Amino acid sequence: MQRRVNIWSSIDWLTVAIYLVLVFVGWINIYAAVYNEDHHSIFDFSQRYGKQLIWIAAALLIAFTIFVIDINFYSYFAYFVYGLMILLLIAVLIFGKEVHGAKSWFEIGSFRIQPAEFAKVATALVLARYLSSYNVQINTLKSYLRVAAIILIPSLLILLQNDTGSALVYFVFILVLYREGISESILLLGLFVIILFVLALVLEKLIIILLSIAIVFIIFWFLNRRLKNVGIGIGILFLTSVVLYGVNEVLSKGLSYYYIILGALGISGLVYIILAIRYKIKNIALLLIFLIGSVLLTYSVDYVFNNFLEPHQQKRINVVLGLESDPYGVEYNVNQSKIAIGSGGLYGKGFLRGTQTKFDFVPEQSTDFIFCTIGEEWGFIGTFFVVSLFVFFLYRLIGIAERQRSAFSRIYGYGVVSVLFFHIVINIGMTIGLVPVIGIPLPFFSYGGSSLWAFTILLFIFLRLDASRLELLK
Amino acid sequence: MLQSFIVDSFANRRHIIRVIIILIGLVYIIKLFFLQVVDSTYKLTASNNVLRYVTQFPARGLIYDREGKLLVYNEAAYDLMVVPRQLEPFDTTEFCQILNISKEYVDEALKRAKEFSVYNSSIFLKQVSSKTYANLQEKLYKYPGFFVQSRTLRKYSLENGAHLLGYVGEVNNKIIESDEYYKSGDYIGVSGIEQSYEEYLRGQKGVNVYLVDVHNRIQGSYANGRLDKKAKVGSNIISTIDSDLQAYGEKLMRNKIGSIVAIEPSTGEILALVSSPTYNPELLVGRIRTKNYVTLMSDTLKPLFNRALMAQYPPGSTFKVINALIGLQEKTLFPYTKYECAGAYYARNLRLGCHIHRSPLNLIESIQMSCNTYYCNVFRSILDNKKYPSIRESFDQWREYIMSFGFGEYLNSDFDNELKGLVPTKQTYDRIYGEKGWRSLTLISMAIGQGELGTTPLQMANMTAAIANRGYYYTPHIVKEIEGDYKLDERFFEKNYTKIDSNYFEIVIEGMDMAVNGESGSGSTARSAQIPEITVCGKTGTAENPHGKDHSIFIAFAPKEDPKIAIAVYIENGGFGSTWAAPTAKLMMEEYLNDSISVPWWEEYILNAEINYNAETSKHME
């Protein structure tokens, strides 16, 4: 059952207002970032700020068009749009132009467009469409596989373009899945894998295995609530370790502690299984799988890190983890970015008075590092305003998502929130040295038509769905 | 409308998501607060600050002579640098006046700098003098974008030794690409000691990171110098050269073309290395270098050409001593061996002339009087030795002996530009005459050091040192010591043995003694090399020269029993060895051993000589 509502009056104008503020603040900062005395006219279309003005005008036109289109279009044609985007992502691999080492641009004359930016919209639509279908139960293997396919296909295609940053964005859809009820254990497992991956890079293997053993015994205690069993388990492991250590010393094999513990764990594992069967203790298999998994993972981390990541990516991760110092390379960029932001102080140096960004100390200052200009020229007041505005914006969007009557609209809303959230966290985090340098734009701020249009489409489809929420009777 | 009303049982998860977003927002704001308000590391004092990286160029190591006399040192000079992005309109008239440059130069240089990079510094004006710098320093605040980088220029305390000291020049693109230490505008040793010991002399560049305010004034070190790197001063080098002897040699060689090399036989240290004509090393320093370099390059007498290391002459009669030694070692020649000489050597339809002397001669007399016929016989006895199946084997053997004196191969001294000379191989003759087509008679000119042989003055001095040492030599070298924890290469402390037993040398040295010190009228060829009270042993040589008059050659060492100096002198187009080369060598040795000249007449005789030297062509370098 549906009813007609005047959509213009039910648009969430507050969100639209925030959108306009963000775009405007972004634009004046692009002007500041590329400003120089030779080209000071703000309407100089040969300069980036002039071009950005054209992109903004076009974006507003796009937003208007989205409101005119019928609401059903977005769910009915979700798969079609998604399929089209996949084709474009494949096409760009073949016909695309390489910019900064990433083959992710179509070039038509002097006009360049990046399909990866738009693929996020399509993925959010399809995810919403799939998860909102009648017969879909999220916590089934079939759903897991389908959802994984929906998310990973564009991600892998973008990875093939050598645009790691944009490919990573797709992992944020986990947030949508979480909201839609994916099992916590799946998320915990994912979280655990990530933590272990980072730990494996930072810590010795020996410490990791000891930690894993400690965790397993704690979980064991939680599951069984029998201190005696835990004690016996620890005792067996300790004994076998001591024996192996003695044997190692006597035979002077010179094995490291890590292999002694590993051996002891193997022997104790067999004993545990026998005991578990005999005394009918549950969950022991699960815990053992957990241990074996963590050992295998620590091994595979080194392999993945050394064989799958590019040297510059390894470097970025190492720099953030503090394992490597590189003051003139990656660290240089982050350092310059921090200097720029830090030099802004409380009140900033004032509009157009930033020096760090203007003298090209900061790389990509109008695109990925636009936040530096805000930090330098507007100070903490400025950054506080921008971060708060983004947080409020996301908070607001969650509120809008939650008031939707259709699951499709809500899920899509969370898709919008997730994508924006990931971009904001990674982009700002990178400029202040909290996350590795991953080249993705700051939504609505960074220079570039593709990203501005993509984020505009992403947001306004959601606002369009929201404007019609009352048409749907609950 | 696609409708779906699944029971939404996970609605409370929205709160967790909101909490995550707010928490991360808070973490970021706190981090920003610390970065921007609390932490002063990133806070740069005034409102507008820029970091500037200033390379610290270490002073290049100094060069001393063997007595500790300073030969090469440094003088401060200043490069005016520019960062185009920081430029503001300025008063060009005053600017040009201070620097004494034209408006056109400013435009040109700024254009060049912008092409290089708009935000990296590049050189605007090279080597501003200390005086100009003093004026400029006061007014530099008026010219944002400009700053001064200090450098050092080479200074020479003497006019001598240009060839052995070498010079310093700007690096070229090839070097910049192959060695990342060097950046555009850096200097590098181009020849001589400056080149060979570049890595010790240059030290290690450093960098200072400064904060600069809008008025282009340095505010202080950035981050307490955390990013600074200290420059390491270059090591000083003590050369083996005796600067007095070097200067004296250059004086003697004035108005002559040729070379003198003197070596201390007991160490292989080069005492003097003269190549004439030479030039004042100051000519190749600073802004005048390019102009002077072109002039020197176009000089027909090639003053830049280091004849001591690179000119290859036939050794002439000096080679007879080597053939004598080989004959003795191969036992085809004995001290008592006598050969008749009727004023020439005749074999088949060949005649090789000799001069008038008594006949027959024994070995000592053959060296004393430099008999060609004698050495034709010696040479043939070596090559036609029945011990070897054919001349190809005996020639190989002969060649081995020659090579063991350091001929035909790089001596491996510490000069980068020495040449290896020429000693033909059997393949050379196979190619010309066919494998069976050559006999000892074919090669007969090498008996007296002519023909296909090419040796450098350094190699000849080295051979003389090997004779003085009775059978071995130390690889000649120009550097005695590198200051700091550096050691000279091992190869300079190893004895290189010739393939001649040491006992064979005495008789040959006896001959060389007689050549110099034989009685008047005895037929001694080198009496002009006599020094009172000191026994000089020497051998004259005259190298045939297809382009003109023969070259005058003399090799000698002294004193006979405890040699302190071994010397080789080449005077191009000087004619007989005894005429010019021998007295020159005598004066050099006397200067070195006695610090005084016993017969000033000889000195005048040499100084006044002008031998085939077109003074006109070389005047402009003085």
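Residues numbered from 1 in each chain as written. Chains lettered and ligands numbered in written order. Predicted model: local features only at pLDDT ≥ 70, side-chain atom pairs only at ≥ 80, totals over all residues. Heavy atoms only, no water.

**A closer look at the confidence of the model for chain B**
All names here are of chain B. Inclusion rule: Per-residue confidence from the prediction method is given by pLDDT, with values spanning 0 to 100. Strands are runs of DSSP state E lasting at least 2 residues, helices are runs of H or I lasting at least 4, and numbering of each runs from the N terminus. In what follows, a contact means two residues having at least one pair of non-hydrogen atoms within 4.5 Å.
With 93% of its residues at a pLDDT of 70 or more, chain B shows a mean pLDDT of 86. The element-level mean pLDDT for chain B is lowest in helix H21 (residues 615–619), coming to 39, with helix H17 (residues 457–468) highest at 96. Segment residues 1–6: pLDDT under 50, and 20 contacts once partners within four positions in sequence are set aside and those in other chains are kept. Counted against residues more than four places away or in other chains, residues 615–622, with its pLDDT under 50, gives 14 contacts.

**Here we look at the domain arrangement of chain A**
This is how the line gets drawn: Boundaries of every domain are those given by an automatic assignment or by a domain database.
You can read the domains of chain A as domain 1 (7–182 + 325–471) and domain 2 (196–308). If you average the C-alpha positions of domain 1 of chain A and of domain 2 of chain A, the two centres end up 44 Å apart.

**A short note on helix H2 (residues 13–34) of chain A**
Counted only if it meets this: Any helix carries an expected span of 1.5 Å times its number of residues minus one. Here's how the labels work: a residue is buried when its accessible area is under 20% of the maximum for its type, exposed when over 50%, partly exposed in between, all with a 1.4 Å probe on protein chains only.
The first and last C-alpha atoms of H2 of chain A sit 32 Å apart over 22 residues, in line with the 32 Å expected at 1.5 Å per residue. By the criterion of burial, H2 of chain A is predominantly enclosed, with 16 of the 22 residues buried.

**Overview of the environment of Ile-7 of chain A**
Residue and element names in this part refer to chain A. Residue placement: Ile-7 occurs in helix H1 (residues 7–10). By relative accessible area, Ile-7 is classed as buried at 11%. Remark: the alpha-carbon pair of Ile-7 and Pro-441, spanning 434 residues in sequence, is separated by 31 Å. For Ile-7, the residues in contact, after removing those within four places along its chain, are Phe-67, Arg-464, Ala-467, Ser-468 and Glu-471.

**Quick look at the sheet that holds strand E18 (residues 537–543) of chain B**
All names here are of chain B. This is how the line gets drawn: Strands are treated as partners if at least two bridges between them are detected by DSSP. All axes here are fitted lines through C-alpha atoms, helices being fitted over the stretch that makes contact, and every angle between N-to-C directions spans 0 to 180 degrees.
On the basis of which strands lie adjacent, the open sheet formed by 5 strands has the order E12-E11-E20-E19-E18 and antiparallel pairing. A strand with exactly one partner marks an edge of an open sheet, and here the two such strands are strand E12 (269–276) and E18. Neighbour-to-neighbour, the strand axes of this sheet turn through a mean angle of 5 degrees, independent of strand direction. Strand direction decides the pairing type here: strand E19 (residues 551–558) and strand E20 (residues 565–571), joined by 7 bridges, are antiparallel.

**Things to note about the pattern of salt bridges**
We apply this condition: In the sections that follow, a salt bridge refers to a side-chain nitrogen of Lys or Arg positioned within 4 Å of a carboxyl oxygen of Asp or Glu.
Across all of its chains, the model carries 32 salt bridges over all chains by this definition. With a shortest N-O distance of 2.9 Å, Glu-180 of chain A and Arg-410 of chain A are connected by a salt bridge. Residue Glu-180 of chain A is located in the loop between helix H9 (174–179) and helix H10 (184–202), and its partner Arg-410 of chain A is located in helix H18 (residues 407–431); the two are separated by 230 residues in the primary sequence. Overall, Arg-410 of chain A belongs to the buried group, its relative accessible area being 9%. Two residues, Glu-510 of chain B and Lys-560 of chain B, come together in a salt bridge whose shortest N-O distance is 3.0 Å. Here the residue Glu-510 of chain B occupies a position in helix H18 (residues 505–517), and Lys-560 of chain B occupies one in the loop between E19 and E20, the gap between them amounting to 50 residues. Taking relative accessible area as the criterion, Lys-560 of chain B reaches 9% and is therefore assigned buried.

**Brief notes about the domain arrangement of chain B**
Residues and elements named next belong to chain B. Operational definition: Buried area: the accessible surface (1.4 Å probe) lost by two parts on joining, summed over both. The definition of a polar contact used here is a pair of N or O atoms within 3.5 Å, where within protein one atom must be able to donate a hydrogen and the other to accept one, and adjacent residues in sequence count solely through side-chain atom pairs. For this scheme, ten residues count as nonpolar: Ala, Val, Leu, Ile, Met, Phe, Trp, Tyr, Cys and Pro. Four count as charged, namely Asp, Glu, Lys and Arg, and the remainder, Gly too, count as polar.
Structurally, chain B comprises domain 1 (51–239) and domain 2 (243–279 + 305–619). Computed over C-alpha atoms only, the centres of domain 1 and domain 2 are separated by 47 Å. With 24 residues of domain 1 in contact, the opposing surface of domain 2 contributes 27 residues. Both sides of the domain 1 and domain 2 interface together cover about 2300 Å² of buried area, and 52% of this is carbon and sulfur. When the buried surface of domain 1 facing domain 2 is broken down by residue, Arg-66, His-163 and Ile-238 rank first, second and third, together holding 31% of it. Joining domain 1 to domain 2, the criterion identifies 3 salt bridges. Two residues, Lys-69 and Asp-244, come together in a salt bridge whose shortest N-O distance is 2.8 Å. Where domain 1 touches domain 2, the interface holds 13 residue pairs in polar contact (both at pLDDT 80 or more). Broken down by secondary-structure element, the contributors of at least two residues to the side of domain 1 that touches domain 2 are helix H5 (162–165), helix H7 (192–196) and strand E10 (237–239). Per-element accounting of the side of domain 1 that touches domain 2 gives the leading share, 4 residues, to H7. In terms of residue class, the side of domain 1 that touches domain 2 is built from 10 nonpolar, 9 polar and 5 charged.

**Some details on the side chain of Ser-404 of chain B**
Of note, Ser-404 of chain B is situated in the loop between helix H15 (391–403) and helix H16 (426–433). Dropping the residues within four chain positions of it, Ser-404 of chain B is found in contact with Tyr-473, Tyr-497, Thr-498 and Lys-499 of chain B.

**Overview of the environment of Ser-10 of chain A**
Residue and element names in this part refer to chain A. Summarising the element assignment, Ser-10 is placed in helix H1. For the pair formed by Ser-10 and Ile-108, sequence separation is 98 residues and the distance between their alpha carbons is 38 Å. At a separation of 2.8 Å, a polar atom in the side chain of Ser-10 contacts the main-chain carbonyl oxygen of Ala-467.

**Remarks on the sheet that holds strand E2 (residues 102–108) of chain A**
Strand pairs in the sheet, formed through backbone hydrogen bonds, run parallel or antiparallel to each other. All names here are of chain A. Spatial strand order, E1-E2-E3: 3 strands in an open sheet with antiparallel pairing. Edge positions in the sheet fall to strand E1 (97–99) and strand E3 (111–113), since each has one partner strand and no second. Going across the sheet, the axis of each strand differs from the next one's by a mean of 50 degrees, ignoring polarity. Where E1 meets E2, 3 bridges bridge the pair, whose relative direction is antiparallel.

**Describing a positive patch on the surface**
The cut-off we apply is this: Patch construction takes residues with relative accessible area above 30% that form no salt bridge. Like charges are linked within 9 Å, and nonpolar side chains (Val, Leu, Ile, Met, Phe, Trp, Tyr) are linked within 5 Å. Residue-level accessible areas treat just the shown protein chains as cover; the underlying method is Shrake-Rupley with a 1.4 Å probe. Under the convention used here, Asp and Glu are negative, Lys and Arg are positive, and both His and the chain ends fall outside the count. Where a charge lies is defined by one atom per residue type, namely NZ (Lys), CZ (Arg), CG (Asp) and CD (Glu).
On the surface, Arg-48, Lys-51, Lys-97 and Arg-112 of chain A cluster together into a positively charged patch. Its relative accessible area of 35% is what places Arg-112 of chain A among the partly exposed residues.

**Topic: the pairing of E19 of chain B**
Residue and element names in this part refer to chain B. Taken across its 8 residues, E19 has 8 buried, putting it largely inside the fold. Alternating positions in E19 separate into two faces, His-551, Ile-553, Ile-555 and Phe-557 on one and Ser-552, Phe-554, Ala-556 and Ala-558 on the other, with burial throughout. In this structure, E18 lies alongside E19, joined through 7 bridges in antiparallel fashion. Bridged to Ala-543 within E19 is His-551. Hairpin connection from E19 to E20: 6 residues lie between these consecutive antiparallel strands.

**Overview of the packing of aromatic side chains**
When we look at a pair of aromatic rings, we describe it by the centre distance and by the angle of the planes. Residues and elements named next belong to chain A. Operational definition: Ring pairs shown here join Phe, Tyr and Trp side chains whose ring centres sit within 6.5 Å, with only the six-membered ring taken for Trp; geometry is labelled stacked below 30 degrees between planes, edge-to-face above 60, and tilted in between.
Taken as a whole, this structure holds 53 aromatic pairs over all chains when the rule is applied. With a centroid separation of 6.2 Å and 35 degrees between ring planes, the pair formed by Tyr-31 and Phe-351 is classed as tilted. Taken as a pair, Tyr-31 in helix H2 and Phe-351 in the loop between helix H16 (330–342) and helix H17 (370–402) lie far apart in primary sequence, 320 residues in all. Overall, Tyr-31 belongs to the buried group, its relative accessible area being 6%. Overall, Phe-351 belongs to the partly exposed group, its relative accessible area being 35%. Judged by centre distance (6.2 Å) and plane angle (20 degrees), the rings of Tyr-245 and Tyr-257 are stacked. Here the residue Tyr-245 occupies a position in helix H12 (residues 227–250), and Tyr-257 occupies one in helix H13 (residues 257–279), the gap between them amounting to 12 residues. Given the relative accessible area of 52%, Tyr-257 is considered exposed. Feature note: the residues Trp-8, Tyr-19, Phe-64, Phe-67, Phe-393, Phe-444, Phe-455 and Phe-460 constitute an aromatic cluster, connected by ring pairs.

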